[in-house]
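Letter by letter, the chains look like this.
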Amino acid sequence: MSRTVGIILIIIGAAMVIWTGFTYTKKEKIIDAGPLQISADRQKTVNWPPYAGGILLIGGIVIVVTSKKTA
């Protein structure tokens, strides 16, 4: 079980190091006056520091290396 968690952390950590964020589009209401509604698409960005991915990557490697092998 811990070996699987370690592998998942390695994959997530590597992805976070390679891609340091993502952008998505959200529809926001600008005017909402009875039957009249005006909305606009706004781009939102989610960023994280690359060292966060590095920490997950190193943690995953440590878990995989220290986990007991089952026969």
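The structure contained in this document is the topic of the report that follows. None of the values given here were measured: they were computed from a predicted structure.

### Some thoughts on the environment of glycine 59
Reasoning step 1: Considering the arrangement of structural elements, one finds glycine 59 in helix H2 (residues 50-66).
Reasoning step 2: We classify glycine 59 as partly exposed; its relative accessible area is 26%.
Reasoning step 3: With 52 residues separating them in the primary sequence, glycine 59 and isoleucine 7 have C-alpha atoms 9.9 Å apart.

### Remarks on helix H1 (residues 2-18)
Reasoning step 1: For H1, built from 17 residues, the straight-helix expectation of 24 Å at 1.5 Å per residue is met to within 8% by its first-to-last C-alpha distance of 24 Å.
Reasoning step 2: Taken as a whole, H1 has its buried residues at Gly6, Gly13 and Met16. Projected onto a plane normal to the axis of H1, the buried residues spread over an arc of 90° and lie on a single side. Of the exposed residues in H1, those oriented more than 90 degrees away from the buried face are Ile11 and Ile18.

### Some points on a nonpolar patch on the surface
Reasoning step 1: There is a patch of nonpolar side chains on the surface, built from Ile30, Ile31, Leu36 and Ile38 and spanning about 340 Å² of accessible area.
Reasoning step 2: Looking at the nonpolar patch, the elements that each hand over two or more residues are strand S1 (21-33) and strand S2 (36-47).
Reasoning step 3: Within the fold, isoleucine 38 resides in strand S2.

### Some points on the pairing of S2
Reasoning step 1: In this structure, S1 lies alongside S2, joined through twelve bridges in antiparallel fashion. Paired with threonine 25 across the strands is glutamine 43, a residue of S2.
Reasoning step 2: Between S1 and S2, which pair antiparallel in sequence order, lie two residues; one of them, glycine 34, sits at a positive phi of approximately 65°.

### A look at the packing of H1 against H2
Reasoning step 1: The N-to-C vectors of H1 and H2 enclose an angle of 155°; their axes lie 7 Å apart at closest approach. The orientation of H1 relative to H2 falls into the category roughly antiparallel. Judged by the twist between their axes, the crossing of H1 over H2 is left-handed. Contact residues: Ser2, Arg3, Gly6, Ile7, Leu9, Ile10, Ile12, Gly13, Ala14, Met16 and Val17 in H1; Pro50, Ala52, Gly53, Gly54, Leu56, Leu57, Gly60, Ile61, Ile63 and Val64 in H2.
Reasoning step 2: In the contact of H1 with H2, the residues fall into 14 nonpolar, six polar and one charged.

Definitions and cut-offs
- All residue numbers refer to positions counted from 1 along the written sequence of the respective chain.
- Restriction of local features to residues with pLDDT of at least 70 applies here, the model being predicted, together with a cutoff of 80 or more for giving and counting side-chain atom pairs; totals for whole chains, interfaces and linings are based on all residues.
- Side-chain numbers here rest on the full set of heavy atoms in the structure, without hydrogens or water.
- For helices the rule is a DSSP run of H or I covering at least 4 residues; for strands it is a run of E covering at least 2, with both sets numbered from the N terminus onward.
- Relative accessibility under 20% of the residue-type maximum defines a buried residue, over 50% an exposed one, and the middle range a partly exposed one, all with a 1.4 Å probe and only protein chains included.
- To estimate how far a helix should extend, the number of its residues minus one is multiplied by 1.5 Å.
- Directions are taken from the helix axis to each C-beta atom, and the arc is the one they span.
- Candidate patch residues must exceed 30% relative accessible area and have no salt bridge, after which like charges are joined if within 9 Å and Val, Leu, Ile, Met, Phe, Trp or Tyr side chains if within 5 Å.
- What sets the accessible areas is the Shrake-Rupley method with a 1.4 Å probe; for residues, cover comes only from the shown protein chains.
- Salt bridge, as used here: a side-chain nitrogen of Lys or Arg that lies within 4 Å of a carboxyl oxygen of Asp or Glu.
- In short, DSSP must find at least two bridges between two strands for them to pair.
- All axes here are fitted lines through C-alpha atoms, helices being fitted over the stretch that makes contact, and every angle between N-to-C directions spans 0 to 180 degrees.
- Comment on the angle field: the value is read as roughly parallel under 35 degrees, roughly antiparallel over 145, roughly perpendicular from 65 to 115, and oblique elsewhere.
- By definition, turning the near helix anticlockwise from the far helix through less than a right angle yields a left-handed crossing, and turning it clockwise yields a right-handed one.
- Note on contacts: a residue pair qualifies if any of its non-hydrogen atoms lie within 4.5 Å across the two residues.
- Any residue outside Ala, Val, Leu, Ile, Met, Phe, Trp, Tyr, Cys, Pro, Asp, Glu, Lys and Arg is labelled polar, Gly included; the first ten of those are nonpolar and the last four are charged.

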